[in-house]
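Structural overview
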Amino acid sequence: MGCQYFDPCQGGADTFTVAIPKYTFGRGCLAEAGARAAGLGMSRIALFTDPGLRDGPYVATVLDSLQSAGLDLAVFDEITIEADDASVERGAIFVAEGNFDGVVSVGGGSVMDTAKASMLYGLQPPADFLDYFAPPLGAGKAMPAKLLPHIACATTSGTGSECTSISVLRINHMSTKFVLANPLLLPQEALVDPVCAETLPAMVVASTGFDLLCHALECYTAKAYTRWEKQPDPGKRPLIQGANPWSDLAAREALEIAGKYLERGVASADDHEARDQLMWGASLAGMAFGNTGTHLGHALSYGVTHLMQDVTTEGYRMVSPFVPHGISVIVSAPSIFRYTAEATPERHLEAATYLQSDLAGATPADSGEILANRIIGLMQKTGAPNGLAGVGFGPEDVPALAKSSARQVRAINNAPRETNLVDIENIYAAAISY
Ligand SMILES: [Fe+2]
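Our subject in this report is the structure included herewith. (Residues numbered from 1 in each chain as written. Predicted model: local features only at pLDDT ≥ 70, side-chain atom pairs only at ≥ 80, totals over all residues. Heavy atoms only, no water.)

Details of the environment of Gly12
With respect to the helices, strands and loops of the structure, Gly12 is situated in the segment before strand S1 (22-25). Sequence spacing of Gly12 and Pro51 is 39 residues, and the spatial spacing of their C-alpha atoms is 46 Å. Setting aside anything within four residues of it in sequence, one finds Gly12 in contact with Thr226, Trp228, Glu229 and Lys230. (Helix = DSSP H or I, 4+ residues; strand = E, 2+ residues; numbered from the N terminus. Contact = heavy atoms within 4.5 Å.)

A look at the nonpolar core
Counting residues in hydrophobic clusters, the biggest one holds 98 residues, and the most contacted among them are Leu66, Val104, Phe210, Leu217, Ile327 and Leu388. Among the elements that make up this core, the one with the highest residue count is helix H6 (residues 202-221) (twelve residues). Setting aside chain neighbours within four positions, we find Leu66 in contact with Ala33, Gly34, Ala37, Ile45, Leu47, Leu71, Leu73 and Val104. Within the second largest apolar cluster, 31 residues are counted, among which are Val88, Ala115, Phe133 and Leu184. (Core = buried A, V, L, I, M, F, W, Y, C linked by side-chain atoms within 4.5 Å. Buried < 20%, exposed > 50% of the residue type's maximum accessible area, 1.4 Å probe, protein only.)

Describing the pattern of salt bridges
Note on pairing: side chains with opposite charge can pair once their charged atoms come close. One pass over the full model with this rule turns up 14 salt bridges. The salt bridge partner of Asp271 is Arg264, with a shortest N-O separation of 2.8 Å. Given a relative accessible area of 16%, Asp271 falls into the buried group. Among the ionic contacts, a cluster of salt bridges with common partners joins Arg27, Glu198 and Asp276. (Salt bridge = Lys/Arg side-chain N within 4 Å of Asp/Glu carboxyl O.)

A few points about unusual backbone geometry
At Asn99, a position not held by glycine, the phi torsion is positive, near 55 degrees. Mapped onto the secondary structure, Asn99 falls in the loop between helix H4 (85-98) and strand S4 (102-107). Given a relative accessible area of 67%, Asn99 falls into the exposed group. Here the phi dihedral of Gln356 falls at roughly 55 degrees; this positive angle occurs in a residue that is not glycine. With respect to the helices and strands, the residue Gln356 is situated in the loop between helix H12 (345-354) and helix H13 (367-381).

Digging into the sheet that holds strand S8 (residues 189-192)
Ordered in space as S1-S8-S5-S4-S2-S3, the six strands form an open sheet in which the pairing is parallel. What marks the edges here is a single partner per strand, and that holds for S1 and strand S3 (72-76). Across the sheet, the mean angle from the axis of one strand to that of its neighbour is 15 degrees, orientation sign disregarded. Taken together, the four bridges between S1 and S8 define a ladder with parallel strand orientation. (Pairing = 2+ DSSP bridges. Axes fitted to C-alpha atoms, helices over the stretch in contact; angles between N-to-C directions.)

Here's the deal with empty space enclosed by the protein
Scanning the entire structure with this criterion turns up one cavity of 30 Å³ or more. Looking at the largest cavity, its volume works out to about 140 Å³. Lining the largest cavity we find 13 residues, and of these Ala13, Thr15, Glu229, Gln231 and Arg237 sit closest to its centre. Taken together, the residues of the lining of the largest cavity break down into five nonpolar, three polar and five charged. (1 Å grid on protein atoms, 1.4 Å probe; cavity = no way out; pocket = protein on both sides within 12 Å on 5 of 7 lines; lining within 4 Å. Points joined across faces, edges and corners; volume = space filled by probe spheres on them. Nonpolar A, V, L, I, M, F, W, Y, C, P; charged D, E, K, R; others polar.)

Re the coordination of the iron ion
Looking at the iron ion, the protein donor atoms are Asp211 (OD), His215 (NE2), His298 (NE2) and His325 (NE2), and they sit 2.1 to 2.2 Å from it. Around the iron ion, the four donor atoms sit at angles spanning 83 to 171 degrees, and that spread fits a shape best called irregular. In terms of primary sequence, the donors binding the iron ion are separated according to D-x3-H-x82-H-x26-H. Note that Asp211 is positioned in helix H6 and His325 in helix H10 (residues 325-330), a separation of 114 residues in sequence. (Donors = N, O, S within 2.8 Å, 3.2 Å for Na, K, Ca; no water. Tetrahedral: all angles 85-135°; square planar, octahedral: opposite > 155°, others 65-115°.)

Observations concerning the packing of aromatic side chains
The final tally for this structure, using the stated rule, is 13 aromatic pairs. A ring pair is formed by Tyr121 and Tyr132, whose centres lie 5.5 Å apart and whose planes are at 80 degrees; its orientation type is edge-to-face. Of this pair, Tyr121 sits in helix H5 (residues 109-123) while Tyr132 sits in the loop between H5 and strand S5 (150-154), and the two are eleven residues apart along the sequence. Each member of the pair, Tyr121 as well as Tyr132, carries the same accessibility label: buried. Members of the aromatic cluster, connected to one another through ring pairs, are Tyr5, Phe6, Phe16 and Tyr225. Between Lys223 and the ring centre of Trp228, over which it is positioned, the NZ or CZ distance is 4.1 Å. Against the face of Tyr339 rests Arg417, its NZ or CZ located 4.0 Å from the ring centre. (Phe/Tyr/Trp six-rings, centres within 6.5 Å; stacked < 30°, edge-to-face > 60°. Lys NZ or Arg CZ within 6 Å of the ring centre and 35° of its normal.)

Side note on the environment of Leu191
Examined against the element boundaries, Leu191 turns out to sit in strand S8. In this structure, the C-alpha to C-alpha distance between Leu191 and Ala154, residues 37 residues apart in sequence, is 6.7 Å. Contact partners of Leu191, with chain neighbours within four places excluded, come to Thr24, Cys29, Leu30, Ala33, Arg36, Ile151, Ala152, Cys153 and Ala154.

Following this line, the structure appears as structure tokens:
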């Protein structure tokens, strides 16, 4: 392994686990859905998508492929742009009543996350919706031994959900999002056809690209897995296991891709090289964070989506209030990495290098500033909102934002520094505008 960052710690974990699906990438691969579903033994399929994609070419390709393979199916498309408990409750009824033996999802993170959770709640409904979520939010109820085989087909270049055992759901009565994480939720196969990226609006490429970037950057700078407490029972080991040599590998490449292609992919839908690379980078970042966990970037994004008011974002079919996930993450990111760099400056400098930052005369002590400036530069060049003020927040909102995000305990503990409520307030206060 040969990396000082993962040196053993007393009482710390001495193993790490890598879980990824069988993965296919390439132009035209959506047409393989039928053969692959048949290969997994599927005969009657629950096809999850969203209303915007349902009548479009990607779903048509998958439908043709499944039907040509002689497979029976039914379509569920009652999915909002951010996966929520209401969509999952509807999806669970669809799964419970449909007599399915397989699931295919075609869409972005919301579709894939809804498909994962709908299987869980449809096949093994708990007494209370939150029972499967980790304490203190939920009861940490054990999930069933097995769900249905799932082929996840990603149509955006950000979430990486096709490669993770994670479903992020908005709990509507709490107005915020929480993470369901269990190996059971990992799709058996992922199909990523970069043709899907050609029709994404520029602002969607920017938002999903910033999500990709932060997945990779948070993995690369996360607390080392050796600094998490050792869990002798492999069945109880958390997926949020901290940075590890595997996640380094995938995160490094994803950061290089974000640094090289994010701006180009936003600037032109005709830049196929850039958009293809962003699709690949999104999967790589998913393969990283699915085996690492994110940290403050994502934890602090949930306060933003919880408390946003009267704000909309160009390029999305949503009414106010709506801030796309990647934007909710990136608005605080420069401030976050200025803060975390103090803990592991060399790592942050390495990350800045992979992102192709300006490193002239740089030392590790400058790494937070360099990384922050690189992110701010990408935000400016892609027309992203300028900090929290750009999505409707001011200094007076800082205490409420911090209180909301402080509930994301596991992610906050995955940061390379111990972080308390006052630290979170300070990070938000420095993220109002750049
Ligand atoms: Fe994300």
